[in-house]
Amino acid sequence: MKIGLLTSGGDCQALNAAMRGVVKGLSETVDKLEVYGFEEGYKGLIYGNYRLLTSVDFSGILTKGGTILGSSRQPFKMMRIPDANGLDKVEAMKSNYHKLNLDCLVILGGNGTQKTANLLREEGLNIIHLPKTIDNDIYGTDMTFGFYSAVNIACEAIDCIHTTAASHNRVFIVEVMGHKVGWLTLYAGIASGADIILLPEIPYDNDKIIDAIQKRKKQGKGFTILAVAEGAISKEDAALSKKELKKKRENEPHPSVSYRIAEMITQRTGSEARVTVPGHTHRGGSPCPYDRVLCTRLGSAAAKAIVDGKFGNMVAIINGETKLVPLEKVAGKLKMVDPGCKLIKEAKRTGISFGD
Ligand code: F6P
């Protein structure tokens, strides 16, 4: 059997753990296995950059962060557009797959990656997709790998801020990754006792943020912690069209939403407001134990799907069970936080403000 592996899009913890799961799962069942690793995601598949991997490559990588194959962003919307030299990328990917005579291509990645995986499925390739992203926004799976590892990192950052914020009676904003969805901010915020959590799915009202800070002051709590998603948006801005918002941003000095909020807080309360942006540390370091187990399971289930010839699927985890979900049913959909969900209601009941 010959399989290809590629990791595409923003990296995260446990990509290696997932590939190890696939290869170990196949090695136990298949007599002769050849594994080709495409370098830097779809780029490697397009331009024929790959290497033959052996079992040694998959030893000792369960705990290793990043990806042994490298990754890159190759936007889905550009896939049908020829490259600078006129190369048809889709045809090139198909041709490299067929040249190697692959039985299956295992693709690890997030939403954009999944759309291209589905495109390759439509083009007749045997595809298995594994759901990767710290954002946990892939539709059709309860969990993506990388998410809990990133929650741990974001949580640790907020924990550290907590002690210094308390010493100085300051307002602190920790900006958490997540442009379109707020799962990471929601979990890290709750887990680290943030007082205000702002998500892209719940546009915030500046007055409500100020109310929450003043309420804490009245209770004798001089500091406030805000966990703010990169993609958090004010009610005012959410009402604008994309074009209007773009124009407004062009004239703003702030590098991100957190700095806008910090300035607003300082102006309206007189309190010092500081911003911390952990940024790409969210995706770094080794995977947490949960992700190691998850990836071993997803990888093993992927190996079974390949042996059974059940291609065209994402290997998901649903209600604690690994399941195959057809790519055509999930590609292009996002799993967003429902503002009315129980988790939000429960968090609100404990006094957390969502700025709404
Ligand atoms: O999709 C994962 C993610 O880390 C997002 O949370 C974040 O908004 C984005 O990638 C950052 O992308 P880049 O690494 O290209 O700056």
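**Notes on the environment of arginine 260**
Among the secondary structure elements, arginine 260 is positioned in helix α10 (residues 257–269). Judged by its relative accessible area of 16%, arginine 260 is buried.

**Observations concerning a positive patch on the surface**
A contiguous patch of positive charge on the surface is contributed by Lys77, Lys115, Lys180 and Lys242. Within the fold, lysine 115 resides in helix α4 (residues 111–122). The partly exposed category is assigned to lysine 115, whose relative accessible area is 31%.

**A short note on the pattern of salt bridges**
For side chains bearing opposite charge, pairing can occur when the charged atoms are close. In total, this model carries 19 salt bridges according to the counting rule given. For arginine 51, the salt bridge is made with glutamate 39, and the minimal N-O distance between the two is 3.1 Å. Taken as a pair, arginine 51 in strand β3 (residues 50–53) and glutamate 39 in the loop between β2 (34–38) and α2 (42–47) lie far apart in primary sequence, 12 residues in all. The class of arginine 51 is partly exposed, set by a relative accessible area of 30%. As a salt-bridge pair, arginine 216 and aspartate 195 come within 2.9 Å of each other at their nearest N and O atoms. Of this pair, arginine 216 sits in helix α7 (residues 206–218) while aspartate 195 is found in the loop between α6 (183–191) and β7 (196–198), placing the two residues 21 residues apart along the sequence. Via salt bridges that share partners, Asp237, Lys248, Arg249, Glu252 and Arg260 belong to a single interconnected network.

**So, the sheet that holds strand β11 (residues 321–326)**
Strand pairing in a sheet relies on backbone hydrogen bonds. The paired strands run either parallel or antiparallel. Here seven strands make up an open sheet; going across it, the order is β3-β2-β1-β4-β5-β10-β11 and the pairing mixed. Of all the strands in the sheet, the pair left with one neighbour each is β3 and β11. Across the sheet, the mean angle from the axis of one strand to that of its neighbour is 25 degrees, orientation sign disregarded. As paired elements, strand β1 (residues 2–7) and strand β4 (residues 104–109) share five bridges and run parallel to each other. Bridge pairing in β4 links leucine 5 to valine 106. Where α4 meets the sheet, its contacts fall on β4, β5 (127–131) and β10 (313–318), and the angle it forms with β4 comes to roughly 165 degrees.

**Focus on the site of the ligand**
Contacts to the ligand come from Arg73, Ile134, Asp135, Met177, Gly178, His179, Glu230, His280 and Arg283. In this structure, arginine 73 approaches the ligand through a side-chain N or O atom, which is 2.8 Å from an oxygen atom. The contact in question runs from an oxygen atom of the ligand to an N or O atom on the side chain of histidine 280, over 2.9 Å. Computed on the free molecule, the ligand has an accessible area of 400 Å², of which 73% lies beneath the protein chains in the complex. Of the residues belonging to the shell around the ligand, the class tally is two nonpolar, three polar and four charged.

**Looking at the domain arrangement of the chain**
Structurally, the chain comprises domain 1 (2–146 + 287–330) and domain 2 (150–283). On a C-alpha basis, the centroid separation for the pair domain 1 and domain 2 is 34 Å. The interface is formed by 11 residues belonging to domain 1 together with 10 residues belonging to domain 2. Note on domain 1 versus domain 2: buried area summed over both sides is about 830 Å², and carbon and sulfur give 50% of it. At the boundary of domain 1 with domain 2, the tally comes to three residue pairs in polar contact (both at pLDDT 80 or more). Within the side of domain 1 that touches domain 2, the residues separate by chemical class into three nonpolar, four polar and four charged.

Calculation criteria
- Residues numbered from 1 in each chain as written.
- Predicted model: local features only at pLDDT ≥ 70, side-chain atom pairs only at ≥ 80, totals over all residues.
- Heavy atoms only, no water.
- Helix = DSSP H or I, 4+ residues; strand = E, 2+ residues; numbered from the N terminus.
- Buried < 20%, exposed > 50% of the residue type's maximum accessible area, 1.4 Å probe, protein only.
- Patch = residues over 30% accessible without salt bridge, like charges linked within 9 Å, V, L, I, M, F, W, Y side chains within 5 Å.
- Areas by Shrake-Rupley, 256 points an atom, 1.4 Å probe, with all protein chains shown as cover.
- Salt bridge = Lys/Arg side-chain N within 4 Å of Asp/Glu carboxyl O.
- Lys, Arg positive; Asp, Glu negative; His and termini not counted.
- Charge placed at Lys NZ, Arg CZ, Asp CG, Glu CD.
- Pairing = 2+ DSSP bridges.
- Axes fitted to C-alpha atoms, helices over the stretch in contact; angles between N-to-C directions.
- Contact = heavy atoms within 4.5 Å.
- Near = heavy atom within 4 Å.
- Polar contact = N/O pair within 3.5 Å; in protein donor to acceptor, adjacent residues only side chain to side chain.
- Nonpolar A, V, L, I, M, F, W, Y, C, P; charged D, E, K, R; others polar.
- Domains from an automatic or database assignment.
- Buried area = accessible area lost by both parts, 1.4 Å probe.

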